[in-house]
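# Summary of the model geometry
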Amino acid sequence: KRGHHLAAHSWFECAYCISGSALDLISSINMRLKFGQCHMAKALYQRVLEMDVGLTEEQLQVVQRKQEEAADAVRRRATQPWQNRFEDELGQLLGEPVIRSPVKIQQQLLYRLREQGHLCNDKSDFESAHMWFDCAWDVGRQACDFLS
């Protein structure tokens with residue numbers, strides 16, 4: 001389902017922050033492409049190619065192929081009316097949460113995600129904080145997480 005791509009993106013980014021694995025980073029970017037952020041995905045694939053992250057030959061080929069897919073999507077999107085260009089991402093953000101857990105487990109998870117977000121903010125690592133709060137938004141759909 002399309003709604004699961006946003007959740008997958010958030011979790012792959014969390015995994016990348018923890019592991020530093022190129023595979024997690026590539027998977028995160030792939031999810032961005034799947035839910036319609038083709039400009040961002042194209043730029044991120046280019047960034048991965050410029051980074052020294054120890055890509056295997058297979059991973060390098062995947063990134064190059066996906067970058068071309070993103071470039072094709074950018075070209076296709078340029079022919080659409082501007083109103084249609086943002087529907088995919090907006091639909092993801094406003095859709096129903098995709099994680100269905102008992103309330104107590106969900107509250108514990110939200111607490112931990114927010115805690116990590118605040119720790120990153122305290123260390124002025126705003127990009128990582130954004131990622132942790134994105135994950136919290138995905139779990140709880142609460143405005144405080146979306147705005148953080």
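Just so you know, these numbers come straight off a predicted model, no measurement behind them.

All right, on to the overall build of the protein chain then. Looking only at helices and strands, the protein chain features 8 helices and 0 strands. What you see in the protein chain, going N to C, is helices and strands ordered as α-α-α-α-α-α-α-α. When each of the 148 residues of the protein chain is scored for burial, the buried share is 37%. The contacts of the protein chain with a sequence gap of at least 6 include a subset with a gap of at least 24, amounting to 60%.

Put simply, the protein chain has an average pLDDT of 80, and 81% of its residues get 70 or more. Mean pLDDT across the elements of the protein chain ranges from a minimum in helix H5 (residues 87-94), with 50, to a maximum in helix H4 (residues 57-78), with 92.

Applying the stated criterion across every chain yields a total of 6 salt bridges. With its nearest N and O atoms 3.0 Å apart, the salt bridge here joins Arg75 to Glu68. Residue classification places Arg75 among the partly exposed positions, given a relative accessible area of 49%. Residues Arg112 and Glu115 are paired through a salt bridge, measuring 3.3 Å at the closest nitrogen-oxygen approach. Of the two residues, Arg112 and Glu115 are both situated in helix H6 (residues 103-122); the distance of 3 residues between them amounts to about one turn of the helix. In this structure Arg112 comes out as partly exposed when scored by relative accessible area, which is 48%. Its relative accessible area of 28% is what places Glu115 among the partly exposed residues. Each of Arg65, Lys66 and Glu69 takes part in one network of salt bridges that share partners.

Each pair of packed helices can be described by the angle between their axes along with the distance between the axes. Between helix H2 (residues 22-34) and H4, the least distance of the axes is 11 Å, while the angle of their chain directions is 15°. One element, H2, and the other, H4, form an angle in the roughly parallel class. You can see that H2 and H4 cross each other, and the crossing is left-handed. Residues Ala22, Leu23, Ile26, Asn30 and Leu33 of H2 lie in contact with H4, whose contacting residues are Gln59, Val62, Val63, Lys66, Glu69 and Ala70. By residue class, the composition of the contact of H2 with H4 is 7 nonpolar, 2 polar and 2 charged.

Criteria and thresholds
- Residues numbered from 1 in each chain as written.
- Predicted model: local features only at pLDDT ≥ 70, side-chain atom pairs only at ≥ 80, totals over all residues.
- Heavy atoms only, no water.
- Helix = DSSP H or I, 4+ residues; strand = E, 2+ residues; numbered from the N terminus.
- Buried < 20%, exposed > 50% of the residue type's maximum accessible area, 1.4 Å probe, protein only.
- Contact = heavy atoms within 4.5 Å.
- pLDDT = per-residue confidence, 0-100.
- Salt bridge = Lys/Arg side-chain N within 4 Å of Asp/Glu carboxyl O.
- Axes fitted to C-alpha atoms, helices over the stretch in contact; angles between N-to-C directions.
- Parallel < 35°, antiparallel > 145°, perpendicular 65-115°, else oblique.
- Left-handed = near helix turned anticlockwise from the far one by under 90°.
- Nonpolar A, V, L, I, M, F, W, Y, C, P; charged D, E, K, R; others polar.

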